[in-house]
Amino acid sequence: MKILIVILLTISTSSYSAVVKSKDAERTCSLYRVTTETTPINQGEITIFSKDVYGLSFKNMEVDFENKKVFVDPMINVIMGINRTLETGRVFISASNPDFTFLINQLNRKLYILEQVCINENHELIYAKFFEAPTLDNSFN
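Just so we're clear, the structure is a prediction, and the values are computed from it rather than from any experiment.

Give a detailed account of the packing of aromatic side chains, specifying residues and quantitative values.
Centre distance and the angle of the planes are the two values used to describe a pair of aromatic rings. Enumeration according to the criterion identifies 2 aromatic pairs in this entry. Taken together, a centroid distance of 6.0 Å and an interplanar angle of 55° make the contact between F71 and F92 tilted. In this pair, F71 is assigned in strand β5 (residues 69-78) and F92 in strand β7 (residues 91-94), connecting sequence segments 21 residues apart. Owing to a relative accessible area of 12%, F92 belongs among the buried residues under this scheme. Here F102 and F130 contribute two aromatic rings whose centre-to-centre distance is 5.2 Å and whose plane-to-plane angle is 90°, an arrangement assigned as edge-to-face. Taken together, the positions of F102 in helix α2 (residues 100-104) and F130 in strand β9 (residues 125-130) put the pair 28 residues apart, joining distant regions of the chain. Classification of F102 as partly exposed rests on a relative accessible area of 28%. Residue class for F130 comes out partly exposed when judged on its relative accessible area of 31%. One cation-aromatic arrangement involves K69 over F92; the distance from NZ or CZ to the ring centre is 4.2 Å.

So what's going on with the pattern of salt bridges? Residues and values would help.
For the structure shown, the criterion picks out 3 salt bridges. The shortest N-O distance in the salt bridge between R33 and E45 comes to 2.7 Å. Within this pair, whereas R33 is found in strand β2 (residues 29-34), its partner E45 is found in the loop between β2 and β3 (46-49), the two being separated by 12 residues in sequence. Here R33 falls in the buried class, since its relative accessible area comes to 7%. Taking the shortest distance from any N to any O, the salt bridge between D73 and R90 comes out at 3.0 Å. Highlighted residues: D73 in strand β5 and R90 in the loop between β6 (84-85) and β7, separated in sequence by 17 residues. On the accessibility criterion, D73 (14% relative accessible area) is buried. Through salt bridges with shared partners, one network takes in E62, D73 and R90.

Go over the state of the cysteines with me, naming the residues and quoting the values.
Considering all chains together, one arrives at 1 disulfide under this definition. Disulfide partner of C29: C118, at an S-S distance of 1.9 Å. Residues C29 and C118 share a disulfide whose torsion about the S-S bond is about 95°; that sign makes it right-handed. Taken together, the positions of C29 in strand β2 and C118 in strand β8 (residues 114-119) put the pair 89 residues apart, joining distant regions of the chain.

Quick rundown of unusual backbone geometry? Include the residues and the values.
In this structure, K68 takes a positive phi of about 55° despite not being glycine. Its location among the elements puts K68 in the loop between β4 (53-64) and β5. A positive phi is found at H123, a non-glycine position, where the angle reads about 65°. Among the structural elements, H123 can be located in the loop between β8 and β9.

Hey, could you go over the nonpolar core for me, with residue numbers and the actual values?
In this structure, V19, L56, I76, L86 and V117 are the most contacted members of the largest nonpolar core, which totals 20 residues. Secondary structure elements with two or more residues in this core: β2, β4, β5, β7, β8 and β9. With 4 residues, the top contributor of residues to this core is β5. Judged by nonpolar contacts, the second largest core, of 5 residues, contains C29, L31, C118 and I126.

Conventions we followed
Residues numbered from 1 in each chain as written. Predicted model: local features only at pLDDT ≥ 70, side-chain atom pairs only at ≥ 80, totals over all residues. Heavy atoms only, no water. Phe/Tyr/Trp six-rings, centres within 6.5 Å; stacked < 30°, edge-to-face > 60°. Helix = DSSP H or I, 4+ residues; strand = E, 2+ residues; numbered from the N terminus. Buried < 20%, exposed > 50% of the residue type's maximum accessible area, 1.4 Å probe, protein only. Lys NZ or Arg CZ within 6 Å of the ring centre and 35° of its normal. Salt bridge = Lys/Arg side-chain N within 4 Å of Asp/Glu carboxyl O. Disulfide = S-S within 2.5 Å. Core = buried A, V, L, I, M, F, W, Y, C linked by side-chain atoms within 4.5 Å.

Geometric descriptors of this kind do not, in isolation, establish any biological role.
Now the structure itself:
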């Protein structure tokens with residue numbers, strides 16, 4: 001019973017709500033972002049999934065040693081639900097990506113939950129970003 005109460009409290013206090021899509025013109029890729037209470041939907045963003053989302057992650061890594069690429073399935077993580085794929089088809093991370101090591105180490109979704117993922121039209125992962133740590137509000141001092 002205690003476990004059920006903790007789960008219900010976790011779900012009801014979750015501030016994550018949806019995945020939105022916009023264009024990153026500077027890096028020419030589609031930016032997928034998880035919205036929160038502090039980072040709501042902005043003008044120009046389109047909601048692509050609006051259930052209780054708590055982050056993005058990667059799954060099913062496949063290494064192509066010959067072409068120096070790593071293929072992954074970007075996933076939308078849903079609270080108490082069935083996770084779903086972010087895009088149709090797999091995306092790849094090129095060895096030339098400056099964040100290559102960081103990106104391929106994000107496969108353990110229990111440790112690493114991403115807020116943003118940017119994928120270009122060739123299904124190449126350009127960048128990904130963790131949720132930023134909340135800042136303390138010292139206005140009550």
